[in-house]
Amino acid sequence: MMGVHCFAPIRISLLWWPLLLCICVAEIALGQVRYSLPEEMATGSVVGNIIQDLGLDVTRLKSGRARIFTEDGSEYIGLNAEKGTLVVAKRIDREELCKQVSPCSLHFQIILENPMELHRIDVEITDINDNAPFFPKKEYSFQVIESAPPGARYALESARDPDVAHNTIQTYKLNPADHFKLNIVSRPDGTKYIEMVLHTSLDREKQEEHKLTLTAFDGGNPQKSGSVKISVFVLDANDNSPIFTQSVYRVPVPENASKGTVMLTVSATDNDKGANEEVVYSFSQHTDSASSLFNMDPHTGEMSVIGVLDYEKVKHYEIDIEATDKGGLTDTSKVLIEVTDLNDNAPVISIISLSNPIPENAAPETVIAMLNIKDLDSGKNGEVNCFISPHLPFKIKSSSTNFYSLISDDVLDRETIPEYNITITAKDEGSPSYSTNKTINLRISDVNDHAPMFPQHFMTAYIIENNSPGMSILSVRASDRDSGNNARISYFLEDSQLNGMSASAYFSVNAESGEILAVRSFDYEQTKEFQIRVKAQDGGSPPISSNVTVKIMIQDQNDNPPQVLYPVQTGGSVVAEMVPRAADVGYLVTKVVAVDVDSGQNAWLSYKLQKATDRALFEVGLQNGEIRTIRQVSDKDAVKQRLTVIVEDNGQPSRSAAVIVNVAVADSFPEVLSEFTDFTHDKEYNDNLTFYLVLALAVVSFLFITCVVVIISVKIYRWRRERVFYKSGGNLPVIPYYPPLYADVGGTGTLKPAFSYEVYGTTDSRKSDIKCSRPFSQSTLSIDHSASRTVPRHKTESENMLTEQKPPNNDWRFTQGQRPGPSGATGGPEVAMGTGPWPQPPTEAEQLQALMAAANEVSEATATLGPGTMGLSTRYSPQFTLQHVPDYRQNVYIPGSTATLTSNPQQQQATAQQAAQQALPPPQVSAQPEPPKAAQTPASKKKSTKKEKK
């Protein structure tokens, strides 16, 4: 049955206050619980609940990483952190664990971290009756002289029972008990042994040997026993037994006593004479454990050391010795050997808990490790002092007996010292003293406290123009004094504007390697340098970054050929330089001027004469491009000289351009003109020109045939329409006639019927000039022939005018008398503003007269318009001025109407009043209306006017 013993707090004396203060400083809580547990419990049996007994909870056990620490390393008791209970970890045999020591206890500590706590647990192992008494031997033999008096004692080897207390041996029984009886003797030290006492005399002649059975009984329940056979042989008389000089011998022996050292001499006397007085010394039969360490000389009684003594294992020995004479009489005595301690053990350092690594920003007084230091020696030999090097930023602090804490004592910096080898020295106070060293390799974990650093704040890189996209320009590398992810550097291109575009449009940066790549191909002639910023950012939390400015210089490449500025090369005309025939040697004919947009050596130009009609006549300056004569010009030299000059730059590879210089050797321009009209173009140019001429001829022919067909079709269509019109007997609708250049006044949205275009096209030109009339005004009917515009080919002027056209205003509203129709067909006063109904439909004769007048007017107006005289007829003489031209803006005649439109407001008002006075009442509806007379048309008025002028 298990039991729990908890110790209540008691008053602490003043001597314990320093220890209590150390415990509080180290923030370690101490507690002690005692449990009782019977041996041989099954594995997993619950020993006790430390949550209840120590006032803890399961969360604290888990967060504190609770564990059990035993000084000897035994693992009999385990900790169930999930339930907070102590359980049996393996089989516990009290006899194996403690032998005869009682009480038998297991001592261990429960250690918690964050904060550190130390709880001492004592588990007492109680005995159960699991062992039966037994004797070391199966049979014992005794020789008893027949003259032995009653009361003679014969020591028997006690039975053994590993159990303790009431479960050990309690009683003995000897059977048969005719001559002998048992006597249980208690020694001063509390141990017991048995003696067989002769209570009746023996007679060898009657019985030479006696067979006895000795049985030992324990006090367990159920009771167990063990027995052994005893054979007693009766000898001849020897009535005196040896007697030791001391009943108990005490002797101290140092634990470092060497083998063979004599530690004690015992002696016993026998009053017999002769052979019966000879005494033999020996260890008692039940002292087997001592026989391996000590030796007894059977003749002298000297006890010597034959094994290795260890005070830390066994502190004292109790040995039973016997003195036996030749007659078999014996006497017993006890030898108590006290092993004295020597400083022969060095302290032992055990690391209970270690926080490794620790962050470099750990505050001072941070607990790094918990240590247990123990010295198996006793007294001053077991007193230990613990210390470390004073130059380290750490110190040792004692937390309790044999327990120490290693704490930080200063600020740590991983970048300065990444790790420490802390040597802990434990030294006892013995003489000579022993010491032990324990080295802890403490690593300092990194904290992101350093930014990436570039070796330079400004870097310059060079790249040749016309590079391929993705080309590597430069690799920037930054270093970070931190480690791990804190030193893992990523590179980014900072967003900035370069030539109005984002920097990422020109460059990219590899995030891992820091390699700067060109996103596009560069042109030195456009941009000669860039300046970007690259950011290096570590992987810490939060991240830290730094920048570097990179200046990228574009290097020139010979990618542009020279360009000839003079002489200008044209495809359609020939430019020639004249050289008089009297020119001397060195005469400057002309100078070839060329430039190269490249720079440096790529722009250094040299001039060479590649081909010439007469190479012996001209030369070209290598550096300046001047064409000079190298001899006197003679009459035999041809007038036409053709020079081909090569302009070459100094790049690698070099580029060149060719220019053709035509030179005329003549003294007069007519001579040059007659000769150079025979210059022909290159064959390639002539072939192309011929092709385009044939193509243009084919297109013009096709358009001409198409126009002829269309005109014929229109003529046929109009002829058929006229025939249909003359044959038609029905009433035709009134077709209003509008003179050229005037708009529809009815507001029907009809396009303006007359627009004049004068197109002036130029060859090889991207634009053409179109001279056109502007839109008409809303208030007056006028035309401006001087309006001309230059428009692109993609949009016509008619489309622009259509979008600009606006509907006519109310000034163009006609009265009933002014509307087209028969003369005098006017409405009443109520329709004076042009809101009344239309008049009676005209007759067929009036309609034909109106159509003929309109056609005649159109033909005359068209014939009189032409360029150069603002649309006036060519029949007028050049001296004809604008005052001779009839002002169409003053009087406008509407066919079929008596109304006259004018741009003069007063005249318009007077005309309107006159029309109102002549208005007739509305016509009466009749079955057969009288056909109205045809009104005088503007065409007829014009004819009469012309006749009068003549």
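Conventions and cut-offs
- Residues numbered from 1 in each chain as written.
- Predicted model: local features only at pLDDT ≥ 70, side-chain atom pairs only at ≥ 80, totals over all residues.
- Heavy atoms only, no water.
- 1 Å grid on protein atoms, 1.4 Å probe; cavity = no way out; pocket = protein on both sides within 12 Å on 5 of 7 lines; lining within 4 Å.
- Points joined across faces, edges and corners; volume = space filled by probe spheres on them.
- Helix = DSSP H or I, 4+ residues; strand = E, 2+ residues; numbered from the N terminus.
- Nonpolar A, V, L, I, M, F, W, Y, C, P; charged D, E, K, R; others polar.
- pLDDT = per-residue confidence, 0-100.
- Contact = heavy atoms within 4.5 Å.
- Polar contact = N/O pair within 3.5 Å; in protein donor to acceptor, adjacent residues only side chain to side chain.
- Buried < 20%, exposed > 50% of the residue type's maximum accessible area, 1.4 Å probe, protein only.
- Pairing = 2+ DSSP bridges.
- Disulfide = S-S within 2.5 Å.
- Salt bridge = Lys/Arg side-chain N within 4 Å of Asp/Glu carboxyl O.
- Phe/Tyr/Trp six-rings, centres within 6.5 Å; stacked < 30°, edge-to-face > 60°.
- Axes fitted to C-alpha atoms, helices over the stretch in contact; angles between N-to-C directions.
- Core = buried A, V, L, I, M, F, W, Y, C linked by side-chain atoms within 4.5 Å.

## Here we look at the layout of surface pockets
Quantified by volume, the largest pocket comes out at close to 1,700 Å³. Elements represented by at least two residues in the lining of the largest pocket include exactly helix 4 (94-98), strand 11 (169-175), strand 13 (192-198), helix 5 (288-291) and strand 23 (316-325). The greatest single-element share of the lining of the largest pocket, amounting to four residues, is contributed by strand 23. Per-class residue counts for the lining of the largest pocket are 15 nonpolar, 10 polar and 13 charged.

## With respect to the confidence of the model for the chain
Scored by pLDDT, the chain comes out at a mean of 75, with 70% of its residues at no less than 70. Confidence drops under a pLDDT of 50 for residues 1-29, and excluding neighbours within four residues, the segment shows 44 contacts in the predicted structure. The low-confidence segment residues 861-950, where pLDDT is below 50, has 107 contacts with residues more than four positions distant or belonging to other chains.

## Some remarks on the side chain of Arg94
Secondary-structure assignment places Arg94 in helix 4. For Arg94, the side chain forms a polar contact with the main-chain oxygen of Lys99, separated by 3.1 Å. Among the polar contacts listed, one links the side chain of Arg94 to the backbone oxygen of Pro162, at a separation of 2.9 Å. Apart from the residues lying within four places of it in its own chain, the contact partners of Arg94 are Glu39, Lys99, Val101, Cys104, Ile125, Thr126, Asp127, Pro162, Asp163 and Val164.

## Digging into the pairing of strand 40 (residues 529-538)
Only one face of strand 40 is covered, namely the one carrying Phe530, Ile532, Val534, Ala536 and Asp538; the face carrying Glu529, Gln531, Arg533, Lys535 and Gln537 has none of its residues buried. Bridge analysis of strand 35 (residues 489-493) against strand 40 gives five bridges, and the strand direction is antiparallel. The partner of Ser490 across the bridge, within strand 40, is Gln537. Where strand 40 and strand 41 (residues 545-555) come together, nine bridges link them in antiparallel fashion. In the sheet register, Val534 faces strand 41, and the bridge partner there is Val548. Hairpin connection from strand 40 to strand 41: six residues lie between these consecutive antiparallel strands.

## A look at the state of the cysteines
Taken as a whole, this structure holds one disulfide when the rule is applied. Covalent S-S linkage joins Cys98 and Cys104, the inter-sulfur distance amounting to 1.7 Å. Because the sign of the S-S torsion sets the handedness, a value of about 60° for the bond joining Cys98 and Cys104 places this disulfide among the right-handed ones. Judged by its relative accessible area of 13%, Cys98 is buried. The buried category is assigned to Cys104, whose relative accessible area is 1%.

## Considering the pattern of salt bridges
Within this structure, the stated rule accounts for 29 salt bridges. The shortest N-O distance in the salt bridge between Arg67 and Glu113 comes to 2.9 Å. Taken as a pair, Arg67 in strand 4 (residues 67-69) and Glu113 in the loop between strand 7 (104-112) and strand 8 (117-126) lie far apart in primary sequence, 46 residues in all. For Arg67, a relative accessible area of 26% corresponds to the partly exposed category. What makes Glu113 buried here is its relative accessible area of 3%. Across the pair Glu365 and Lys397 runs a salt bridge whose closest N-O atoms are separated by 3.6 Å. Taken together, the positions of Glu365 in the loop between strand 26 (358-359) and strand 27 (367-374) and Lys397 in strand 29 (residues 394-400) put the pair 32 residues apart, joining distant regions of the chain.

## Some details on the packing of aromatic side chains
A full pass over the atoms with the stated rule returns 15 aromatic pairs. Consider the rings of Tyr506 and Phe522, whose centres lie 6.4 Å apart with planes at 15°: the pair is stacked. With a gap of 16 residues between them, Tyr506 in the loop between strand 37 (501-502) and strand 38 (507-509) and Phe522 in the loop between strand 39 (515-518) and strand 40 connect regions that are remote in the sequence. Classification of Tyr506 by relative accessible area gives buried; the value is 7%. An aromatic cluster is built from Tyr506, Phe507, Phe522 and Phe530, whose rings are joined through pairwise contacts.

## Details of the sheet that holds strand 14 (residues 209-218)
Spatially, the four strands line up as an open sheet ordered 9-15-14-11, and their pairing is mixed. With partners counted over all chains shown, the strands left at the sheet margins are strand 9 (139-145) and strand 11, one partner each. The sheet shows a mean angle of 25° between the axes of neighbouring strands, taken without regard to direction. Of the pairings in the sheet, the one linking strand 9 to strand 15 (residues 225-235) comprises seven bridges and is parallel in character. Bridged to Ile145 within strand 15 is Leu235.

## A short note on the nonpolar core
Phe507, Ile516 and Ile552 are the most contacted members of the largest nonpolar core, which has 28 residues in total. Looking at this core, the elements with two or more residues in it are strand 33 (458-464), strand 34 (472-475), strand 35, strand 38, strand 39, strand 40 and strand 41. If we ignore the near neighbours within four places in the chain, the residues touching Ile552 are Ala461, Ile463, Ile473, Phe507, Ile516, Lys528, Glu529, Phe530 and Ile532. Judged by nonpolar contacts, the second largest core, of 27 residues, contains Tyr249, Ala290, Val305 and Ile319.

## So, the pairing of strand 27
Taking burial as the measure, the eight residues of strand 27 include six buried ones, the bulk of the element. Relative to strand 27, strand 25 (residues 348-354) is paired through six bridges, and the arrangement is antiparallel. Bridging across to strand 27, Ser353 finds its partner in Met370. As judged from the five bridges shared by strand 27 and strand 30 (residues 403-408), these two strands associate in the antiparallel manner. Residue Asn372 lies in a different strand from strand 30, and its bridge partner there is Phe403.

## Considering the sheet that holds strand 12 (residues 180-186)
Taken together, three strands build an open sheet; the order of strands is 10-13-12 and the sheet is antiparallel. Pairing within the sheet leaves two strands with one partner each, and these edge strands are strand 10 (153-156) and strand 12. Put simply, the sheet's adjacent strands are angled 35° from each other on average, direction ignored.

## Let's talk about unusual backbone geometry
Of note, the amide linkage connecting Asn175 to Pro176 takes the cis form, showing an omega dihedral of 0°. Note that Pro176 resides in the loop between strand 11 and strand 12. Residue Pro567 follows Tyr566 across a cis peptide bond; omega there is 0°. The topology assignment puts Pro567 in the loop between strand 42 (563-566) and strand 43 (576-579).

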